[in-house]
Amino acid sequence: SLPDRLPEPLIEQRHARLLEKAETRTRAHSQAWIGRKVEVLLEDASHGRTAHHFKARIEPGSGPAPSIGDVVTGVVTAATLTGLKVRVAPENLT
């Protein structure tokens with residue numbers, strides 16, 4: 001143990017504040033993508049990754065049934081702390 005260690009409640013309080021700030025920044029960054037057009041490399045029929053390394057979930061019923069490895073183009077309709085929701089139009093399967 002370090003000789004001048006901070007009290008555990010203070011450590012937990014600072015950790016919570018730091019986590020809150022990180023989540024606020026992440027949320028704002030993700031929200032800025034809403035309405036933007038993105039390409040998604042599909043990892044399965046409904047999930048993939050954007051070129052900017054966001055996880056993406058393809059909205060059900062949006063576009064044709066693509067295959068793993070396809071690249072689809074769509075519009076970001078929602079954002080969370082963990083990824084983006086993307087609507088794909090049928091003509092945007094590339």
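Scroll up to find the structure.
Before going into details, it helps to say that this report is about the structure given with it. Predicted, not measured: the structure shown is a model, and the values here were computed from it.

Criteria and thresholds
Residues numbered from 1 in each chain as written. Predicted model: local features only at pLDDT ≥ 70, side-chain atom pairs only at ≥ 80, totals over all residues. Heavy atoms only, no water. Phe/Tyr/Trp six-rings, centres within 6.5 Å; stacked < 30°, edge-to-face > 60°. Helix = DSSP H or I, 4+ residues; strand = E, 2+ residues; numbered from the N terminus. Buried < 20%, exposed > 50% of the residue type's maximum accessible area, 1.4 Å probe, protein only. 1 Å grid on protein atoms, 1.4 Å probe; cavity = no way out; pocket = protein on both sides within 12 Å on 5 of 7 lines; lining within 4 Å. Points joined across faces, edges and corners; volume = space filled by probe spheres on them. Nonpolar A, V, L, I, M, F, W, Y, C, P; charged D, E, K, R; others polar.

1. Structural notes on the packing of aromatic side chains
Right, so step 1: Applying the stated rule across the entire model yields one aromatic pair.
Right, so step 2: Taking 5.4 Å as the distance between ring centres and 65° as the angle between the ring planes, the aromatic pair formed by Trp33 and Phe54 counts as edge-to-face. With a gap of 21 residues between them, Trp33 in the loop between helix H1 (8–31) and strand E1 (37–42) and Phe54 in the loop between strand E2 (47–50) and strand E3 (55–58) connect regions that are remote in the sequence.
Right, so step 3: Classification of Trp33 by relative accessible area gives buried; the value is 8%.

2. Thoughts on the layout of surface pockets
If you roll a probe as big as a water molecule over the atoms, it shows you where there is empty space left.
Right, so step 1: Its boundaries defined by the atoms lining it, the largest pocket holds a volume of some 150 Å³.
Right, so step 2: As for the largest pocket, its lining consists of 13 residues, and the residues nearest its centre are Lys55, Ala56, Arg57, Gly83 and Leu84.
Right, so step 3: Of all the secondary structure elements, the ones that give two or more residues to the lining of the largest pocket are E2, E3 and strand E5 (84–93).
Right, so step 4: Per-class residue counts for the lining of the largest pocket are three nonpolar, five polar and five charged.

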